[in-house]
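Here are the chains, one letter per residue:
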Amino acid sequence: MSERAVLHVKGRVLVGAEEVRDELWVVDGRVSYDRPSGARDVRTVEGWVLPGLVDAHCHVGLDAHGPVPDDVSEKQALTDRDAGTLLIRDAGSPSDTRWIDDRDDLPKIIRAGRHIARTRRYVRDYAWEVEPEDLVAHVAQEARRGDGWVKLVGDWIDREAGDLSACWPRDAVGAAIAEAHRLGARVTAHCFAEDSLRDLVEAGIDCIEHATGLTEETIPLFAERGVAIVPTLVNIATFPRLADGGETKYPRWSAHMRRLHERRYGTVRAAYDAGIPVYVGTDAGGSLPHGLVAAEVAELVTAGLPPLAALSATAWGARRWLGRPGLEEGAPADLVVYEADPRADVRVLAAPLRVVVNGRVAA
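The rules we used
- Residues numbered from 1 in each chain as written.
- Predicted model: local features only at pLDDT ≥ 70, side-chain atom pairs only at ≥ 80, totals over all residues.
- Heavy atoms only, no water.
- Helix = DSSP H or I, 4+ residues; strand = E, 2+ residues; numbered from the N terminus.
- Pairing = 2+ DSSP bridges.
- Axes fitted to C-alpha atoms, helices over the stretch in contact; angles between N-to-C directions.
- Parallel < 35°, antiparallel > 145°, perpendicular 65-115°, else oblique.
- Left-handed = near helix turned anticlockwise from the far one by under 90°.
- Contact = heavy atoms within 4.5 Å.
- Nonpolar A, V, L, I, M, F, W, Y, C, P; charged D, E, K, R; others polar.
- Phe/Tyr/Trp six-rings, centres within 6.5 Å; stacked < 30°, edge-to-face > 60°.
- Buried < 20%, exposed > 50% of the residue type's maximum accessible area, 1.4 Å probe, protein only.
- Lys NZ or Arg CZ within 6 Å of the ring centre and 35° of its normal.
- Salt bridge = Lys/Arg side-chain N within 4 Å of Asp/Glu carboxyl O.
- Core = buried A, V, L, I, M, F, W, Y, C linked by side-chain atoms within 4.5 Å.
- Polar contact = N/O pair within 3.5 Å; in protein donor to acceptor, adjacent residues only side chain to side chain.

(A) Local environment of the environment of Arg12. With respect to the helices and strands, Arg12 occurs in strand 1 (residues 5-14). C-alpha of Arg12 to C-alpha of Gly47: the two residues are 35 residues apart in sequence and 6.4 Å apart in space.

Put into structure tokens, the structure is as follows:
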């Protein structure tokens with residue numbers, strides 16, 4: 001749009017879970033609730049409006065085999081954008097996607113640098129693979145490279161034991177998290193199983209990805225410390241297939257993965273009921289396609305979260321948690337328009353009418 005071109009958004013603007021306005025204006029790419037004077041080239045869109053959705057566990061620049069070329073990263077980002085995801089917390093990628101920051105038609109990305117894993121204890125070509133004595137140095141490196149987050153691999157299969165087990169000694173992870181916090185970064189960790197969680201939380205971690213290993217013993221600890229979880233239920237749905245593939249070689253691991261899958265909904269609901277912050281993440285970019293944010297919100301509702309809480313986990317609450325604005329006066333105009341009220345039925349999220357990025361109708 002030209003300098004004074006204006007977008008008029010009419011209908012029901014969901015500024016917050018309970019705050020609804022009848023309209024907003026987009027002037028020079030930013031939200032305004034005051035009708036602009038001297039506007040020209042006014043374009044109008046109408047419907048139910050949310051701030052751009054958040055995928056808090058996504059991997060742009062990564063596929064099942066490792067880093068991908070820029071043209072593939074672009075397609076991934078465009079797929080997320082067209083699904084309504086306009087803010088991504090990239091939870092680990094070996095690719096340099098900083099060029100996306102110069103594109104005003106793509107989602108905004110908050111990067112956690114590259115995963116940090118124990119040697120030979122993660123997916124090949126994804127992570128820095130280090131031993132405990134080098135963990136602090138690599139955390140410092142990724143804290144400086146990222147956008148305020150660092151991603152650890154907290155557990156993975158131990159092939160000698162034939163099952164999931166914690167990757168890091170308590171003292172090493174404690175020192176690493178302290179160093180990240182000293183540098184102004186928050187820390188999250190991939191965790192499927194039970195036995196790494198207490199050490200990570202007591203060491204001061206800020207978030208746990210997947211969190212399928214939460215139990216009656218660790219849920220109160222998470223709640224007390226305010227540690228968030230991003231359950232990635234659309235990814236946890238793949239556990240039975242993974243278990244089938246490993247049955248012959250790692251039967252203990254396969255049985256464990258099936259148990260975690262079977263209780264996934266109860267785990268998430270118990271976490272929510274205890275007051276643990278829960279946010280939407282799809283884990284797209286590894287083995288999963290991009291654009292699954294609506295499916296993950298629906299999964300949270302299936303797990304027992306109230307629809308409004310599930311919406312907040314990808315909208316107002318998620319943006320506050322990541323320190324990014326929603327539809328406040330003067331904020332970048334990143335918003336999604338729907339035909340019906342998503343508070344009444346979150347499945348509406350699967351069919352956006354319009355996606356507006358930095359004030360421009362992009363999809």
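(B) Structural detail: the sheet that holds strand 3 (residues 30-32). Across the sheet, which stays open at both edges, the seven strands sit in the order 3-2-1-4-18-19-20 with mixed pairing between neighbours. At either margin of the open sheet sits one strand with a lone partner, and together these are strand 3 and strand 20 (360-361). Where strand 1 and strand 4 (residues 40-51) come together, eight bridges link them in parallel fashion. From the neighbouring strand, Val13 faces strand 4, where its bridge partner is Val49.

(C) Here's a closer look at the packing of helix 2 (residues 135-145) against helix 3 (residues 170-182). One can describe the packing of helix 2 onto helix 3 by two numbers: an axis separation of 9 Å at closest approach and a directional angle of 25 degrees. Taken as axis vectors, helix 2 and helix 3 run roughly parallel relative to one another. Once helix 2 is placed against helix 3, the crossing between them reads as right-handed. Within the contact between the two elements, helix 2 uses Leu135, Val136, Val139, Ala140 and Arg144 and helix 3 uses Ala172, Val173, Ala175, Ala176, Glu179, Ala180 and Arg182. Looking at side-chain class alone, the contact of helix 2 with helix 3 contains nine nonpolar, no polar and three charged residues.

(D) The sheet that holds strand 8 (residues 85-90), seen in detail. Read from one edge to the other, the open sheet built from three strands follows the order 5-8-9, with strand pairing classed as parallel. The outermost strands of the open sheet, each flanked by one partner alone, are strand 5 (53-58) and strand 9 (108-111). If you compare each strand with its neighbour and ignore which way they point, the axes differ by 20 degrees on average.

(E) Quick look at the packing of aromatic side chains. Counted by the stated rule, this structure contains six aromatic pairs. The interplanar angle of 75 degrees and the centroid separation of 4.7 Å between the aromatic rings of Tyr122 and Trp156 together place this pair among those described as edge-to-face. One end of the pair, Tyr122, is in the loop between strand 10 (116-118) and strand 11 (128-130); the other, Trp156, is in strand 13 (residues 155-158), with 34 residues separating them in the sequence. Comparing Tyr122 with Trp156 shows no difference in burial state: the two are buried. Put simply, the rings of Tyr122, Tyr126, Trp156, Phe192 and Phe239 touch in pairs and so form one group of aromatic residues. Geometry around Tyr33 places Arg21 over its ring, the cationic atom sitting 4.1 Å from the centre. The ring of Trp128 carries the charged tip of Arg114 above its face, separated from the ring centre by 4.5 Å.

(F) Up close: the pattern of salt bridges. As enumerated under the stated definition, the model contains 25 salt bridges in all. One salt bridge connects Asp105 with Arg103, and the closest N-O pair in it is separated by 2.8 Å. When its relative accessible area of 25% is taken as the criterion, Asp105 is described as partly exposed. Three or more residues are tied together by salt bridges with common partners; here these are Arg98, Asp101, Arg111 and Asp147.

(G) Fine view of the nonpolar core. Counting residues in hydrophobic clusters, the biggest one holds 78 residues, and the most contacted among them are Leu152, Ile205, Ile208, Phe222 and Leu300. At five residues, helix 3 tops the list of elements feeding residues into this core. Every residue in contact with Leu152, bar those within four places of it in the chain, is listed here: Ile116, Leu135, Val139, Val173, Val187, Thr188, Ala189 and His190. Core analysis: the second largest hydrophobic core is formed by 15 residues, Leu7, Val15, Val26 and Ala333 among them.

(H) Seen up close, the side chain of Ser196. One can find Ser196 in the loop between strand 15 (186-191) and helix 4 (197-202). Filtering out sequence-adjacent residues up to four positions away, Ser196 remains in contact with Gly154, Asp155, Ala166 and Cys191.

(I) Region of the structure containing helix 2. Considered for burial, the residues of helix 2 that qualify are Leu135, His138, Val139, Ala140, Glu142 and Ala143. Packed against the buried residues of helix 2 are strand 10, strand 11, strand 12 (149-153) and helix 3.

(J) Region of interest: the packing of helix 7 (residues 239-246) against helix 8 (residues 251-262). In contact at an axis separation of 8 Å, helix 7 and helix 8 are set at 170 degrees when each is read in the N-to-C sense. When the interaxial angle is binned, helix 7 and helix 8 end up roughly antiparallel. Contacts from Phe239, Pro240, Leu242, Ala243, Asp244 and Gly246 in helix 7 reach Pro251, Trp253, Ser254, Met257, Arg258, Leu260 and His261 in helix 8. For the contact of helix 7 with helix 8, a count of residues per class yields eight nonpolar, three polar and two charged.

(K) Highlighting unusual backbone geometry. Positive phi, normally seen in glycine, also occurs at Asp28, with a value near 55 degrees. Residue classification places Asp28 among the partly exposed positions, given a relative accessible area of 45%.

(L) Seen up close, the side chain of Asn358. Inspection of the secondary structure assignment puts Asn358 in the loop between strand 19 (354-357) and strand 20. A distance of 3.0 Å separates a polar atom in the side chain of Asn358 from the backbone oxygen of Asp104. Of note is the side chain of Asn358, whose polar atom sits 2.9 Å from the side chain of Lys108. In contact with Asn358, not counting residues within four places along its chain, are Gly29, Asp104, Lys108, Pro332, Ala333 and Asp334.

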